[in-house]
Structure formats: structure tokens, C-alpha cells
Amino acid sequence: MQDNATEVTAAGIARLAGVGRAAVSNWRRRHADFPKPVGGTETSPSFALAEVEDWLRRQGKLAEVPLRERVWQQLVGHPEGPVAALVHAGCALLLIHDRPTVWLELSAASDERLAELLPTALEQVLAPRFGMVRRPAVRTPAPAELLPSAPLLRGAAELAAELGARQTYEFLLGRHLDANPRQYTLTPGDLAALMADLAGPARSFLDPACGTGALLRAVAPGTDQELYGQDSAPELAELTALRLALHTRAAVRTAVGDSLRADAYETLRADAVLCHPPFNERNWGHDELAYDPRWEYGFPARTESELAWVQHALARLRDGGTAVLLMPPAAASRRSGRRIRADLLRRGALRAVIALPVGAAPPYNIPLHLWVLRRPERAPAQPEVLLADTAGVSEAADGRGRLDWPAVRAAVLDAWHPFDRTGTTREEPGVSRSVPVIELLDDDVDLAPARHLPPPAAGGGAAELTAVRERLGETLRLTADLTPPPTGTAGPARWPLTTIGELARGGALLMRTGGSGPHARVLTDHDVIAGTAPSGTLTDNASPEEPVLVEAGDVVVPVLGGGAIARVVDDATAGAALGRNLTLLRPDPAAVDPWFLAGFLRGTANNRQASSYASTATRLDVRRLQLPRLPLDQQLRYGERFRALAAFEEALRLAGRLGEQLVRGMHDGLTDGSVAPE
């Protein structure tokens, strides 16, 4: 009966059965025994998951459903909501991880008996793992709370037997975060790893605004490590605690509460603090915290909540400890914060301000900063501060995290490590500079790195501009040579047509979709559209699925955006993982030539008849795309012509990039005097 309390929507039923939502609507109309709605609304009804599974099983439609999909539906349809379900699943997975034999004994009983016995077993695991802190984040669920979760817990245990307890929880949590993007502010994994590297190895870490635990999870494991977290949202503090406990053997301490108003770690002096604080908070406690002892560097203005978080981090550090905070760029230059910034500089507490490229973290449309701070043991005699700007190292392609993170990471750490050792570092024009504090203590105390860095030589200097001009000339000549001659026919051809769907069913090609599984090199939809090398990553282990790796000769088609695009994978791209919103077609070379296939898929009329339109996007149904039924020798003739068109298109792209580089370099050179008007 309890399993019937879990509800599933029509979209969930479609995922369970591996069909579209239209098929579910047809089943409801055609089958009188289809389960009746038990909740939801008239336009979006919900159904009892157990009844749906039973019906699908009787119809023979449930046999191929992955276990993880059924567990996910149990979680998302939990009567207490997905967060409560995630907490219960996390507790059970931690028990499975730490004491697997105890779980095996308990799970042999009925659901009622399991719910009755489980709290005692959980208490024996949760108490030693999370210790005693004020306002503890994770409490042991009562039997009445666990009873509706019993089917979910059994399913999660079965999935853990395949994937492992940690991977199972990462999958469920990651899918929940993906399904609710507006509810959570996430710190990307690459940025979290960079912040942890800047903090360096340490025994104790604190994140006073821990969110989903990305920063603490990025910490390199060490001996006798302690991880402390706090968040004002109880559900985030719980999820973080369970995530960290499954990820590491370190002592995990998490608490609920606003760290500025209700600090749970008043006596803590951590080795390192990592923090992605909330930005632009007016109601951070300005009125009630006026005489708080944490304001060693000045009382923050109401508009300077970020400087309150900076001083909170410094107050929780031991002498010589390091804090790394993600900050909005305005915090480096707002006049209301200049006195606090000046005191941070004078006393040697602020060690570095690093500007990140646009798209490094939400909000994705502004270049955020990293502040590296150190609680001073003594005031330096001639203090300097490191200013770095990585905007030119890796430019965001579309403001959604498509960054060359290895290049950004290398530029930041190459500047920080020598500065951290010696207090100074060599100058890298346009990238980094060690600036004497006295130069910054003017009326504004503006710490925006770009204002204090010497510009790089225009376009790399006159020699580089000359080289770019010569490459542009060669490319333009190549473009002229590649320009296809026009040829005409008597009229449109009337050849017999087939569809991609028919070819896939007949075995002439294989269809796959992308987006799952961790991989360091991912071909994204933007890469396919722009004709660039793979630029994405799928480093989060939220999905246990293996990524789809592209091979030379595959044809890759973006399914969103409305453009007629198809790309044949070359040797340089082969081995990359297929990204989201892409469909891969792998033709049998004995039946279909890949260049012939890609060329006909790009036809405007072909794409128009295979596309569907929503209010905000156009989606391509790749199965409906058509191509003519031609023998292989004729396909190869068309394929050679399409291959030549692709070479011409790439030459045009290169000419455009070189032209932009030359124009930008000439503008810079003329304006800074390194290029003469003559």
C-alpha cells in the first residue's frame, strides 16, 4: 500500500517505458484498464507508480527499463517530495556503505519491520560520522517517516549493488539538481577544484555557505581531515552532509543556519575556508550585527554583504590560514567598500584578486573574481598583492561554461604558486602582476585586475600581425580556389526517398544520443555548429552511464536551434564524448557514404519538414530526415562534392577568424602606439 503513495506523471511514465508522451496519451485513450489518475491536475495528472509499473509489466512494456530510471521515479514521486526522499536514500546508502551486512539483515524483513528497525541502525552510523554540532544537519528519521520510503530504499540498495553506494547517491542527487536548475546556485566542478588548489592542502576546511557541497567535495583527501559546512537551507545542509560522508572518510560536520546571523562554529579556527557566498544580499544582518567582533577590518555597509562574508571567513581561520571566496566583480571597486579593502591590503590579509572569464560560474554573464585571503600572523613590511586576469586565456563561447579550464587553471596557479612562496612574482602582460599595496591605496582602492595590468603587446607585436596578415592572404587565395563552380540541371530530381528512421531500422546506420557519463573531452552542440574542436567536459559523476564516444566517419547532428547542420567526424575529433542535444549517426560504409549522408541532411527543405516548433525553440526529429535511395557509387560522387563544400566552408571560417584577429590587433596597435599610422 505504501508504494502506491508514490506518484508519477505522464512524462515519468514515458521515461519508464522508453516512449514519447504522445504514446502515453494514446494508451490512456485506447486501454480501459490503464491506471486512473490519483492526483495532479486535469491537464497534468499523476498516477500511482505501483499501478503504472504493474500495467506496463502486464503489457510487456517494462522489461527493458533501467533500474536507475525506476529508482528515480520512486524518488521524484515520493509523497514527502524528492528532497526528503534523497535524505532517506542517502541515510540508507551510508548504512550500506559503512555496514553492508546490517542492511542485508534489515532488508530481509517486511517494509513495516524495516522502517521500525532502521532508525536504530542509522543512529549507529550517523552519530559517529557527523559528530555533535550545534543545529546538526542530519537527524535520524523516525519509523513513520521511513515507511513510505521503504520501496525507494530497496531500489536504491539494488542500484548500489551495481554502481556502488557513492555513485548511486551522486546519480540521484545530480539528477535532482539538473531537474531543478532555478532552485539551486551551483559551483561548477572545475571552479571548485581551482579554489581548493588555491587554498592548498590542509587538515580542516570550512564552507560557511556550503550549498550542495561542491567546494568541500573538491578538497583533496588527507589524513585525519575535518570538513565543516553550514547552510541556511536545511535541505542543502542535509544533502551536503550525506554527499560528503559517502565521498570521503574525513570527519564531516554540517549545521543548519545563516552563518552571519547564527554561526555554528564560533570557536572554530580552520586551516582553510572555501566559500561561494550569496551575492548582493541587502538583508544579511546589517542592523543586528553592528557590534559583532568579526568586523576587524571595518563594519560592512548594507550593500556590502560580500565583505561581511570575507571578514567572517578570516575570523574562522587560524593564523596563517587561507580563505578563497568567489566574489562579484563589483566588490573590488564599489566606493562603499573602499575602506575595508584598504585595511585588508594594509594588514596583508588580501593576497590575490583573480578575474575569471565570463561564464565561469553563475551568474554566467559577468566575469566573477576569486579573492585569496590569509589571516595575517604579522603585518608584512612591504606588502604586495597578486592581480590576475584570465579573460584572455579562455574566452567563453556562449557564456555557459564552455571554457578552456586547463588553460585558466594553469594561468592562475602559475601566477599564484611563486607569489605564495616569495610574496612577489614576475609580470605577465595582460595576465598577472604583483602590485605593491601602496599603489592601490588611493581614493578608490579599486582592485579590478584589468585596471592595473600592463596590456599585452598588440596582437603579439608587429611581427605577429605581419604573420597573421600573411596567413589571411594565403587563406583568401585558398578560399578563391575552393569556390565551387555553379552547375545546373534541367530541374529538381525525382529520386525515391528513405528516412533516417527506416535506415536505422534496416541496420544501414546506428543512432545514438549524447550527454551521459563523465569524460574529459566532449563534443558539444556549439562545437558542431561553429566547426571547432571538442571544448566541453562531463566531469561530474552524476550519471553512471558510459559516454558515447564518436568515431571517424560518424555524422553528428544538433537537434536544437533550427539550423541545417551536420558534421562528419574526423580523426582529430574521434574519441571525444558525444554532448547533449546531439544525435550521432554511424553509417555502415558498405551501405551509406558519410559525406553523402551529411550533405543531404543539411538541405533546408529537409530540415524544415523534420522540425517541430515551440514558443522558444526549434527541435529537429532526426528520424524524419530524408535522403535519396542511391547506389553507393552515386553516393560517393555526391559525397566528394559535399566534402569539397565542407573544405570551402572551413576556409571561410578561418579567413573570418584571421580577419578579426588582424583588425583587433591593428586597433590595439594604433591606439597604444606600437603600430604607426604609416
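Reading the values: rules and limits
- Residues numbered from 1 in each chain as written.
- Predicted model: local features only at pLDDT ≥ 70, side-chain atom pairs only at ≥ 80, totals over all residues.
- Heavy atoms only, no water.
- Phe/Tyr/Trp six-rings, centres within 6.5 Å; stacked < 30°, edge-to-face > 60°.
- Pairing = 2+ DSSP bridges.
- Helix = DSSP H or I, 4+ residues; strand = E, 2+ residues; numbered from the N terminus.
- Contact = heavy atoms within 4.5 Å.
- Axes fitted to C-alpha atoms, helices over the stretch in contact; angles between N-to-C directions.
- Domains from an automatic or database assignment.
- Buried < 20%, exposed > 50% of the residue type's maximum accessible area, 1.4 Å probe, protein only.

### Notes on the packing of aromatic side chains
Each aromatic ring pair is characterised by the separation of its centres together with the angle its planes make.
For step 1, the next point in the chain: If you walk through the whole model with that rule in mind, you get 14 aromatic pairs.
For step 2, the next point in the chain: An aromatic cluster is built from Trp495, Phe596, Phe600, Tyr638 and Phe642, whose rings are joined through pairwise contacts.

### Focus: the sheet that holds strand S1 (residues 7-9)
For step 1, the next point in the chain: Taken together, three strands build an open sheet; the order of strands is S1-S3-S2 and the sheet is antiparallel. This sheet does not close on itself; its edge strands, each paired only once, are S1 and strand S2 (39-40).
For step 2, the next point in the chain: Docked against the sheet, helix H1 (residues 10-17) engages S1 and strand S3 (45-48), running at close to 85 degrees with respect to S1.

### Examining the domain arrangement of the chain
For step 1, the next point in the chain: The domains assigned to the chain are domain 1 (5-64), domain 2 (69-177), domain 3 (187-449) and domain 4 (495-628).
For step 2, the next point in the chain: Here the C-alpha centre of domain 3 lies 48 Å away from the C-alpha centre of domain 1.

### So, the pairing of S3
For step 1, the next point in the chain: Both S1 and S3 contribute to a ladder of three bridges, which runs antiparallel. Residue pairing for S3: Thr9 is matched across the bridge by Ser46.
For step 2, the next point in the chain: Of the strand pairs in this sheet, S2 and S3 are connected by two bridges, and their pairing is antiparallel. Following the sheet pairing, Gly39 is matched in S3 by Ser46.
For step 3, the next point in the chain: Linking S2 to S3, which pair antiparallel, is a turn of four residues.

### Digging into helix H11 (residues 189-199)
For step 1, the next point in the chain: Buried within H11 are the following residues: Leu191, Ala192, Leu194, Met195, Ala196, Leu198 and Ala199.
For step 2, the next point in the chain: One or two positions beyond H11, positive phi appears at Gly200, with a value near 80 degrees.

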